[in-house]
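Structure assessment
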Amino acid sequence: MSKYKKMILAACNGLIALVICSPAFAASKLDTGDTAWLLTSTAIVLFMTIPGVALFYGGMSGKKNVLSVLMHSFSIACLVSIIWMVAGYSLAFSSSGGQYVGDLGRMFFSHLTKDAVNGTIPESLFIVFQMTFAIITAALITGAIAERMKFSALLWFAGLWSLIVYSPVTFWVWGGGFLGSAGVLDFAGGTVVHINSGVAALVACVMLGKRKGYGTENLTPHNLVLTVIGASMLWIGWFGFNAGSALAADEFAVNAFVVTNIAAASGLVMWLVMSVIM
């Protein structure tokens, strides 16, 4: 082989290696480590709602309503899972070309294939990870209306809210909508989950009015032990919620993991300090 042919062959080999190692090529390759971490995070985030949120709110309710409050979270987990599969995910993450809501092109996960990859994880895993976010966001609202709304009315409210409010807001921030395009940053749901559910809970409280018996009857919590157990489960769940939002087992996930624990510990310590001072 001539000298020039060897040089051309070496250049071609180098070009092929460059393409294979490029971020664009690597981004479409499944990573088993990232997949394993997201599988774990998904299970942990679901664990936050059932039984974490259920026990947290159930312990603070009255004795006669504790089972109903527990079932709020369990029922919402089932209902929102179905809604997410039917149309919620499509409205939140499909590319409609608009700025406010996705289209219905991904209803019933019709676009999904066995080998579909989102970054370095299966797209089906990304879908179910985001499903757990939709579940807990709706479940968080129930603390504001516990013991004040009929069970059937709550399910209607949670189902419609998930479809009409949660999915579009998710699209605004994470799906290519106007907030994300404007530079709004939301690593793990500060806007999509917490502000969203907080505003919904406040509006629900205002619409329902003052709780019956407030100020005249004994409304002490039924069992604060259940609440502490639920809070502990939520603390653990935040590791999957926050670190899992990196969508990879990398330095960003580790940083989120560390910050989550320090922030939670700091909050508890300051609560103890303030309880002594006041």
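The structure we're discussing is the one just above.
Notes on the structure follow. (Residues numbered from 1 in each chain as written. Predicted model: local features only at pLDDT ≥ 70, side-chain atom pairs only at ≥ 80, totals over all residues. Heavy atoms only, no water.)

Further remarks concern the packing of aromatic side chains. Scanning the model with the defined rule gives 15 aromatic pairs in all. Consider the rings of Trp 84 and Tyr 166, whose centres lie 6.2 Å apart with planes at 55°: the pair is tilted. Of this pair, Trp 84 sits in helix 4 (residues 66-93) while Tyr 166 sits in helix 6 (residues 151-174), and the two are 82 residues apart along the sequence. Geometrically, the ring pair formed by Tyr 100 and Phe 178 is tilted, given 5.3 Å between the ring centres and 45° between the ring planes. Taken together, the positions of Tyr 100 in the loop between helix 4 and strand 1 (117-118) and Phe 178 in helix 7 (residues 178-181) put the pair 78 residues apart, joining distant regions of the chain. Assessed through its relative accessible area of 30%, Phe 178 is described here as partly exposed. Here the aromatic residues Trp 84, Tyr 89, Phe 93, Phe 109, Phe 126, Trp 161 and Tyr 166 are joined through ring pairs into a cluster of three or more. (Phe/Tyr/Trp six-rings, centres within 6.5 Å; stacked < 30°, edge-to-face > 60°. Helix = DSSP H or I, 4+ residues; strand = E, 2+ residues; numbered from the N terminus. Buried < 20%, exposed > 50% of the residue type's maximum accessible area, 1.4 Å probe, protein only.)

The interhelical angle for the contact between helix 6 and helix 8 (residues 190-208), taken along N-to-C directions, is 140°, at an axis separation of 10 Å. Classified by chirality, the crossing of helix 8 by helix 6 is right-handed. When helix 6 is examined against helix 8, the residues Trp 161, Val 165, Tyr 166, Val 169, Thr 170, Val 173 and Trp 174 are found in contact with a partner set consisting of Thr 191, Val 192, Asn 196, Ser 197 and Ala 200. Residue composition of the contact of helix 6 with helix 8, grouped by class: eight nonpolar, four polar and no charged. (Axes fitted to C-alpha atoms, helices over the stretch in contact; angles between N-to-C directions. Left-handed = near helix turned anticlockwise from the far one by under 90°. Contact = heavy atoms within 4.5 Å. Nonpolar A, V, L, I, M, F, W, Y, C, P; charged D, E, K, R; others polar.)

In a regular helix each residue adds 1.5 Å, so 27 residues correspond to 39 Å; helix 10 (residues 251-277) covers 39 Å between its end C-alpha atoms and thus fits that length. Turning to helix 10, its buried residues are Ala 253, Ala 256 and Thr 260. Residues of helix 10 that are buried make contact with helix 3 (32-60) and helix 9 (224-243). Sitting at the amino-terminal end of helix 10 is Asp 250, which places a side-chain oxygen 3.1 Å from the backbone nitrogen of Phe 252. (Expected span 1.5 Å × (residues − 1). Polar contact = N/O pair within 3.5 Å; in protein donor to acceptor, adjacent residues only side chain to side chain.)

The omega torsion across Ile 50 and Pro 51 is 15°, close enough to zero to call that bond cis. Its place among the elements puts Pro 51 in helix 3. Positive phi values are uncommon outside glycine, yet Phe 108 reaches one of about 55°. Within the secondary structure layout, Phe 108 lies in the loop between helix 4 and strand 1. At Phe 109, a position not held by glycine, the phi torsion is positive, near 60°. Mapping Phe 109 onto the fold places it in the loop between helix 4 and strand 1.

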